[in-house]
Amino acid sequence: MKKNGFFRGFKIFGGNLIAIALLGLVIIGSLLLGIGTYFLGFAGFFYIFNVEYDSLYYLLLFLIFFFILSYFTKLIAKLSLIIFGPYLKTKKRFIGMKFILITFALWLAIFIIDEMMVEITVPIWTEVLGALLLSIADTAFKGKMKKIVIIKKK
């Protein structure tokens, strides 16, 4: 029986198990590193701008709600960009409108969660600045702009 692929160098079952366990640990470690970086980034941003929160638990809860709500608000922003995209004549206007809509969607998510949670008090200018920074980071990490294909009737 010839083994192909990743497990071909392992002769025993224990080697396969160790390889799978190590691969799982690498994946879990990278996910935790990403989540921890995002959490500490928000904690540092909130510390710099004197945002008041009762405990780190409420900050974590704030971030979880932010992830969920921002997904839906960004989805609505992207759908509205698809609807209004044909009316924007140049690529510069399209990119500008996308940036404005994503920034507004992120601010809306932060604002709604701030108003819902009594344990965290975020000033309005900090909400806007945070949404603006997240929108800049979102644009910077996307790389190329995805083109929206619009089928025109002939």
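Small disclaimer: the values here were computed from a predicted structure and weren't measured.

### Structural notes on helix 4 (residues 124-142)
Along its 19 residues, helix 4 runs 27 Å from first to last C-alpha, staying within 8% of the 27 Å computed at 1.5 Å per residue. Taken residue by residue, helix 4 has Thr126, Glu127, Gly130, Ala131, Leu134, Ser135 and Asp138 as its buried positions. Taken around the axis of helix 4, the buried residues stretch over an arc of 165°, which confines them to a single face.

### A closer look at the nonpolar core
Counting 28 residues, the largest nonpolar core has Phe42, Phe46, Phe62, Phe66, Leu106 and Ile120 as the members making the most contacts within it. Among the elements of the structure, helix 1 (13-48), helix 2 (56-84), helix 3 (91-116) and helix 4 are those that each provide at least two residues to this core. The biggest single contributor to this core is helix 3, with nine residues. Once residues lying within four places of it in the same chain are set aside, the contact partners of Phe42 are Phe62, Leu63, Phe66 and Leu134.

### Description of the packing of aromatic side chains
Tallied over the entire structure, the rule returns 13 aromatic pairs. A ring pair is formed by Phe45 and Phe46, whose centres lie 6.2 Å apart and whose planes are at 45°; its orientation type is tilted. Assessed through its relative accessible area of 15%, Phe45 is described here as buried. Ring geometry for Phe104 against Trp107: centres 5.8 Å apart, planes inclined by 35°, an arrangement best described as tilted. One end of the pair, Phe104, and the other, Trp107, are both in helix 3, three residues apart, so they sit about a helical turn from each other. Feature note: the residues Tyr38, Phe42, Phe45, Phe46, Phe49, Tyr53, Phe62, Phe66, Phe67 and Trp125 constitute an aromatic cluster, connected by ring pairs.

### Looking at empty space enclosed by the protein
All chains considered together, the criterion is met by one cavity of 30 Å³ or more. By volume, the largest cavity is sized at about 40 Å³. What lines the largest cavity is simply Phe42, Phe45, Phe46, Ile110, Val122, Thr126, Glu127 and Gly130. Of all the secondary structure elements, the ones that give two or more residues to the lining of the largest cavity are helix 1 and helix 4. A class-by-class count of the residues in the lining of the largest cavity yields five nonpolar, two polar and one charged.

### A few points about unusual backbone geometry
Positive phi outside glycine occurs at Asn50, with the angle close to 55°. Within the secondary structure layout, Asn50 lies in the loop between helix 1 and strand 1 (52-53). Relative accessible area serves as the criterion here: at 62%, Asn50 is assigned to the exposed category.

### Concerning a nonpolar patch on the surface
A cluster of nonpolar side chains, contributed by Leu60, Ile64, Phe65, Phe67, Ile68, Tyr71, Phe72, Leu75, Leu79 and Ile82, occupies part of the molecular surface with about 950 Å² of accessible area. Secondary-structure assignment places Leu60 in helix 2.

### Side note on the packing of helix 2 against helix 3
Between helix 2 and helix 3, whose axes approach to 8 Å, the crossing angle comes to 145°. Relative to helix 3, the crossing made by helix 2 is right-handed. When its residues are assigned to classes, the contact of helix 2 with helix 3 shows 17 nonpolar, three polar and four charged.

Rules of the game
Residues numbered from 1 in each chain as written. Predicted model: local features only at pLDDT ≥ 70, side-chain atom pairs only at ≥ 80, totals over all residues. Heavy atoms only, no water. Helix = DSSP H or I, 4+ residues; strand = E, 2+ residues; numbered from the N terminus. Expected span 1.5 Å × (residues − 1). Buried < 20%, exposed > 50% of the residue type's maximum accessible area, 1.4 Å probe, protein only. Arc of directions from axis to C-beta. Core = buried A, V, L, I, M, F, W, Y, C linked by side-chain atoms within 4.5 Å. Contact = heavy atoms within 4.5 Å. Phe/Tyr/Trp six-rings, centres within 6.5 Å; stacked < 30°, edge-to-face > 60°. 1 Å grid on protein atoms, 1.4 Å probe; cavity = no way out; pocket = protein on both sides within 12 Å on 5 of 7 lines; lining within 4 Å. Points joined across faces, edges and corners; volume = space filled by probe spheres on them. Nonpolar A, V, L, I, M, F, W, Y, C, P; charged D, E, K, R; others polar. Patch = residues over 30% accessible without salt bridge, like charges linked within 9 Å, V, L, I, M, F, W, Y side chains within 5 Å. Areas by Shrake-Rupley, 256 points an atom, 1.4 Å probe, with all protein chains shown as cover. Salt bridge = Lys/Arg side-chain N within 4 Å of Asp/Glu carboxyl O. Axes fitted to C-alpha atoms, helices over the stretch in contact; angles between N-to-C directions. Left-handed = near helix turned anticlockwise from the far one by under 90°.

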